[in-house]
Amino acid sequence: MLDRGTSAKNWEPRTSKTSTVFSYAILLGGAITIGVAVYMVMVSYSILPFWDGWMQIGVVARGENPLSVAWLWKQYDVHRVVIPKLFLLVDLRWFRATQVFLLVCNLLIQFLHLLLWGWSMRVLGGWRGALWRTGVGLVAFCMFCCSQWMSFVQGFQISSLLPGLFATLSFVGLLLYWVHCGHQSNQGACWKYLLLSIAAALGATYSQSNGNLLWPLLVGAALLLRLRRAAVLSFAIAGIVNIAAYLYKYTHPAPSILSSLETPVPSLKYLAAYFGSPWVRSNIRTAELIGIVGVIAFLIALPRLPFYVRARRPLHVLLALTLLFCFGTGLLTALKRINFGTVQAFSSRYQTVSLLFWCCMALLLLSKLSSLSKFHLLARIIHEGTESGSLGGVCA
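Summarised in this report is the structure supplied together with it. These numbers were taken from a predicted model, which means no experiment stands behind them.

### Quick word on the overall build of the protein
A tally of helices and strands in the protein yields 17 helices and zero strands. Relative to its full complement of 396 residues, the protein shows a buried share of 50%. The contacts in the protein between residues at least 6 apart in sequence include a share of 78% that link residues at least 24 apart. As displayed, the protein offers around 19500 Å² of accessible surface, 70% of which is attributable to carbon and sulfur atoms.

In structure tokens:
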């Protein structure tokens with residue numbers, strides 16, 4: 001009679017070894033992507049600012065005070081870039097506007113974002129071993145993929161990188177509050193997480209206009225997570241006050257969102273190309289097709305958010321909230337930029353958000369495949385155990 005566990009024991013190490021090698025390969029790929037991004041920044045370096053980067057020179061050339069509240073608060077296109085302007089001022093005052101400080105900060109922001117996701121997968125998701133290494137490798141690739149080259153080689157594009165980091169940090173603070181708020185002994189720590197979430201949302205709001213999307217997302221998530229009334233009110237009041245302050249003396253450049261909604265088809269095509277652009281160079285049709293697939297996958301995955309809450313899966317909730325933020329950013333961009341044509345959706349600075357979107361989709365898929373592999377392992381053990389039992393009966 002064959003040993004019931006023999007085949008399972010022989011098969012599981014082979015599976016474990018394969019997944020280990022595969023995970024290290026993906027992690028190595030992520031590390032190589034980081035190295036390529038750093039090399040690209042070094043070889044393309046120029047001491048001269050580019051495009052919007054001349055803002056830091058212009059304010060001084062016009063005789064304005066760069067430290068004045070008026071200049072820091074002054075609207076730039078559709079944004080209030082208060083925090084990016086502070087980075088520009090540091091570069092101007094202590095680094096003579098050589099761009100070195102800004103370019104290093106761009107890389108550091110993405111690296112901090114990578115560390116935050118790695119920590120979240122481990123602490124919020126409980127990922128370990130091959131699963132964690134695979135996840136970190138995927139995030140590293142998306143964070144440093146060179147298709148978003150503009151965000152790395154132009155100092156001013158720090159304004160494109162900060163909102164993603166702040167959004168993730170804000171959602172992490174919210175989820176830490178959710179995980180710990182049930183423990184009466186940890187009420188002080190709970191409020192620290194709440195303040196962290198609100199402060200990070202403030203950082204995103206005053207880095208780029210899409211940061212305003214965080215406030216309704218935080219309030220909606222707080223209600224879905226059934227947080228205490230005080231927490232929900234804190235998010236709501238902070239959101240109302242900051243959006244009101246943001247819109248004070250705000251001017252709306254053309255086209256208006258309402259006018260774009262009157263002809264939704266071009267905006268939807270732009271949105272599809274926006275999310276498909278990281279994977280093609282200039283083929284609009286292919287980009288639209290890829291984007292449509294991504295958006296459909298997102299719409300299929302989104303209804304599972306209440307299940308993630310009931311099952312208390314904070315990492316999955318984090319992924320869903322981040323996907324909503326990315327999708328909202330893409331939608332607002334499409335409605336405001338459609339007058340430039342669909343080809344403008346290929347702008348590399350937009351791909352920072354698109355890549356974060358695909359990163360979250362990949363992590364959700366990875367989590368699903370991980371659970372399926374465990375199921376198939378169990379099924380294989382049962383199946384082979386049954387065959388062993390049958391053979392044993394025949395031998396008997």
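### Re the packing of helix 10 (residues 214–224) against helix 16 (residues 314–337)
Closest axis-to-axis distance for the helix 10/helix 16 pair is 10 Å, and the angle between their directions is 150 degrees. As judged from the angle between their axes, helix 10 and helix 16 are roughly antiparallel. Relative to helix 16, helix 10 is oriented so that their crossing is right-handed. Taking contact as the criterion, the partners of Leu-214, Leu-217 and Ala-221 in helix 10 are, on helix 16, Leu-321, Leu-324 and Phe-325. Residue composition of the contact of helix 10 with helix 16, grouped by class: six nonpolar, no polar and no charged.

### With respect to unusual backbone geometry
In most cases, non-glycine residues show a negative phi, while peptide bonds are predominantly trans. Positive phi is not limited to glycine here, since Ala-97 has a value of about 55 degrees. You can see Ala-97 is positioned in the loop between helix 4 (82–94) and helix 5 (100–123). A positive phi angle, near 55 degrees, is found at Arg-312, a position not held by glycine. As for its placement among the helices and strands, Arg-312 is situated in the loop between helix 15 (305–310) and helix 16. Of the residues examined, Arg-312 reaches a relative accessible area of 46% and is grouped as partly exposed.

### Concerning the side chain of Ser-23
Counting through the fold element by element, Ser-23 comes out in helix 1 (residues 6–43). Once residues lying within four places of it in the same chain are set aside, the contact partners of Ser-23 are Ala-130, Arg-133 and Thr-134.

### Quick notes on helix 13 (residues 264–276)
Since the α-helix advances by 3.6 residues per turn, residues separated by three or four positions end up pointing in the same direction. Its 13 residues place the ends of helix 13 18 Å apart at the C-alpha level, agreeing with the 18 Å of an ideal helix rising 1.5 Å per residue. All buried positions along helix 13 are accounted for by Ser-267, Tyr-270, Leu-271, Ala-272, Ala-273, Tyr-274, Phe-275 and Gly-276.

### Points about the packing of aromatic side chains
This model, assessed by the stated rule, comprises 18 aromatic pairs. Ring geometry for Phe-275 and Phe-327: centres 6.4 Å apart, planes at 5 degrees, overall stacked. Here Phe-275, found in helix 13, pairs with Phe-327, found in helix 16; they are 52 residues apart in sequence, far enough to count as distant. Ring-pair connections join several aromatic residues into one group, and the members of that group are Phe-141, Tyr-274, Phe-275, Trp-279, Phe-298, Phe-327, Tyr-350, Phe-357 and Trp-358. Positioned above the aromatic ring of Tyr-246 is the side chain of Arg-80, whose terminal nitrogen or guanidinium carbon lies 5.7 Å from the ring centre. Sitting over the ring of Tyr-24, Arg-133 keeps its end group 4.1 Å from the ring centre.

### So, helix 6 (residues 129–144)
The terminal C-alpha atoms of helix 6 lie 23 Å apart, and with 16 residues this matches the ideal 22 Å at 1.5 Å per residue to within 8%. The buried fraction of helix 6 is high, at twelve of 16 residues. Restricting attention to buried positions, one finds in helix 6 the residues Ala-130, Leu-131, Arg-133, Thr-134, Gly-135, Val-136, Gly-137, Val-139, Ala-140, Cys-142, Met-143 and Phe-144.

### Structural notes on the nonpolar core
In this structure, Trp-117, Phe-171, Leu-227 and Leu-363 are the most contacted members of the largest nonpolar core, which totals 104 residues. Of the residues forming this core, the biggest block, 13 residues, is contributed by helix 8 (residues 158–180). Trp-117 has contacts with Val-139, Met-143, Thr-168, Leu-315, Leu-318, Leu-319, Thr-322, Leu-356, Cys-360 and Leu-363, leaving out every residue within four places of it along the chain. Counting five residues, the second-largest nonpolar core is a separate cluster that includes Val-78, Val-82, Tyr-206 and Tyr-250.

Calculation criteria
- Residues numbered from 1 in each chain as written.
- Predicted model: local features only at pLDDT ≥ 70, side-chain atom pairs only at ≥ 80, totals over all residues.
- Heavy atoms only, no water.
- Helix = DSSP H or I, 4+ residues; strand = E, 2+ residues; numbered from the N terminus.
- Buried < 20%, exposed > 50% of the residue type's maximum accessible area, 1.4 Å probe, protein only.
- Contact = heavy atoms within 4.5 Å.
- Areas by Shrake-Rupley, 256 points an atom, 1.4 Å probe, with all protein chains shown as cover.
- Axes fitted to C-alpha atoms, helices over the stretch in contact; angles between N-to-C directions.
- Parallel < 35°, antiparallel > 145°, perpendicular 65-115°, else oblique.
- Left-handed = near helix turned anticlockwise from the far one by under 90°.
- Nonpolar A, V, L, I, M, F, W, Y, C, P; charged D, E, K, R; others polar.
- Expected span 1.5 Å × (residues − 1).
- Phe/Tyr/Trp six-rings, centres within 6.5 Å; stacked < 30°, edge-to-face > 60°.
- Lys NZ or Arg CZ within 6 Å of the ring centre and 35° of its normal.
- Core = buried A, V, L, I, M, F, W, Y, C linked by side-chain atoms within 4.5 Å.

Purely spatial values, then, with no claim about function.
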